[in-house]
Amino acid sequence: MPKYIFVTGGVVSSLGKGIAAAAIGALLEAKGLKVTLQKLDPYINVDPGTLSPFQHGEVFVTDDGAETDLDLGHYERFTSIRTSQANNYTTGKIYYSVITKERQGDYLGETVQVVPHLTDEIKRAIKSASNDYDVVIVEIGGTIGDIESLPFLEAIRQFRYDVGRENVLYIHLTLVPYVKSSGELKTKPTQHSVKEFREIGIQPDILLCRTDRPLPPEIKKKIAIHCNLDGDAVIAARDVETIYEVPIVFHNEGLDSLIEKKLKLNLHGPDLTLWKDVVRRIKEPKNEVNIAIVGKYIGLKDSYKSLIEALTHGGIANDARVNLQWIDSEEIEVHGPERHLSDADGILVPGGFGYRGIEGKIDAIRYAREKRIPYLGICLGMQCAVIEFARDVCGLKANSTEFDLNTQNPVIYLMEKWYDFRKGKVEERTESSQKGGTMRLGAYPCILEEGTHAYRAYGIKETSERHRHRYEFNNAYRGILTRHGMKISGISPDGELVEIIEIEDHPWFLGCQFHPEFKSRPTDPHPLFRAFIGASLQEKRSLFPYIETAAKEKSVD
């Protein structure tokens, strides 16, 4: 029987439930347990695939092609799990399942209700992620008091009765704000959040109190008394310089020992050596590099959450601080690339959809190619690199049919049929296909060409990477592009899908059709981000040779 930990949030949203749940997973893994995590989201969308990045941040994609909440990225970065469709359920997904069963006659003669039908379906979803794990950590999205989350809260309330009190733990994350005018930490928001939680029928076992400063013992005692908790069950979740410090902070607060005691586990102390090294490399790096990210969702950094973390991981691999310069591609269209990119040691164009800002991205790519600045293009960033090369090197009037259906040279186009190696069948799509879940999604194999940047980065002949896109490289133009110096360095096993392109006469220029950021971890940086940051450091050192000497002197000190 696995143990279940339910993580909820109160007072305000965006307190960091996902990172808290992931950090707890990291601590329990460090104690030798086999852990998985699951996110239950209250919104009615079946998945976040059709949500605007401005509303919900990035869409994280799993190996099996599920479009999921960005918190699943935190789960994968903090623990050893690879998530799947079973790790993310929404209200829409739960309702869809219940309504389908009702239409099929599964509830024949019954009145379908929130309790027990919806709550039973939620409990079934929780158990679907439980196989062969010691601990299942379930994060409930939203904030206590949201009407949408009530069925999920009722389901986890019942869960303790279903599996036994000794197998369930409720952890509630709240905010303890500091009021500057009075110089006081205020506990009342936490008290009210717990009061509302208890009215639902759940008494939290542990409180994680988000704060920007230490919680004095008298504040912890006050919270414990008013919230009906043991004194040691109030844990300070302090703001930290890097999220990868959270497992260490929680351990220092005694959270892992408290969980162990309450769930009646007998474990050894956690080995946090890897996490301490990660934190040291982030806080005290020996090198520094400037990376320009040219996109159109730069107003909300959560739109590029996995990308930001993967760049940090590339810095960890090179013992370097990665300074991110966020460039709006529409600004490049107005002012040109030189004004925005002259200080960049490396340039990256991430994925995205739609025509807005595309010409600015193409201008940035031309700048990287002509100035010989290391370049990494991801998904749309690869497609724009193909368009730029076709236009400015091959002399074609090129575009993608996503942006111009009547383009004279559709070097990027909607491939209507392809072989899905994961499913073992031919997939089809057209312009009229519904939007949700109809892209090339999930893990696909990629064969690497020896002697290329891609092969040197990976060090293996075949890899597997996650995708999320509709448009593909048009093989009709492979000949003219390669004759002019473009290298196809990664393809599908059948040779039909171009996965990676490079430019031969360039220090480091690579575009990939997939999203490598989804598989990067701080303890295991993705090969392409490791190589890209390494090439950008090399570019910086070639321009400023004294940096190499300074770095050596710092390492000697």
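Coordinates for the structure precede this section.
Residues numbered from 1 in each chain as written. Predicted model: local features only at pLDDT ≥ 70, side-chain atom pairs only at ≥ 80, totals over all residues. Heavy atoms only, no water.

(A) Summary view of the sheet that holds strand β7 (residues 168-175). If you walk across this open sheet you meet the seven strands as β5-β2-β6-β1-β7-β10-β11, and the pairing is parallel. Strands at the two margins of the open sheet, each flanked by one partner only, are β5 (88-90) and β11 (234-238). Going across the sheet, the axis of each strand differs from the next one's by a mean of 20°, ignoring polarity. When β7 meets strand β10 (residues 206-211), the two strands line up parallel, connected through five bridges. Looking across to β10, one finds that T174 is bridged to C209. On the sheet, helix α3 (residues 71-78) packs against β2 (35-41), β5 and β6 (135-140) and is oriented at approximately 170° with respect to β2. Lying over the sheet, helix α6 (residues 150-163) contacts β1 (3-9), β2, β5, β6 and β7, oriented at roughly 150° with respect to β7. (Pairing = 2+ DSSP bridges. Helix = DSSP H or I, 4+ residues; strand = E, 2+ residues; numbered from the N terminus. Axes fitted to C-alpha atoms, helices over the stretch in contact; angles between N-to-C directions. Contact = heavy atoms within 4.5 Å.)

(B) Structural detail: the pairing of strand β14 (residues 346-349). Side chains G346 and L348 project from β14 onto one buried face, and the interleaved I347 and V349 project onto a second face that is buried too. One ladder, built from three bridges, connects strand β12 (residues 287-295) with β14; its direction is parallel. Bridge pairing links I293 to L348 in β14. Pairing analysis gives three bridges linking β14 to strand β15 (residues 375-378), with the strands arranged parallel. (Buried < 20%, exposed > 50% of the residue type's maximum accessible area, 1.4 Å probe, protein only.)

(C) Here's a closer look at the packing of aromatic side chains. In this structure the tally under the stated criterion is 11 aromatic pairs. Aromatic pair F6 and F159: ring centres 5.6 Å apart, planes at 75°, arrangement edge-to-face. Taken together, the residues span a long stretch of sequence, with F6 in strand β1 and F159 in helix α6 at a distance of 153 residues. Ring centres 5.4 Å apart and planes at 20° place the aromatic pair F78 and W275 in the stacked group. Taken together, the positions of F78 in helix α3 and W275 in helix α11 (residues 273-283) put the pair 197 residues apart, joining distant regions of the chain. In this structure, F78 and W275 share a single accessibility class: buried. Among the aromatic residues, those joined into a cluster by ring pairs are Y4, F6, F159 and Y170. (Phe/Tyr/Trp six-rings, centres within 6.5 Å; stacked < 30°, edge-to-face > 60°.)

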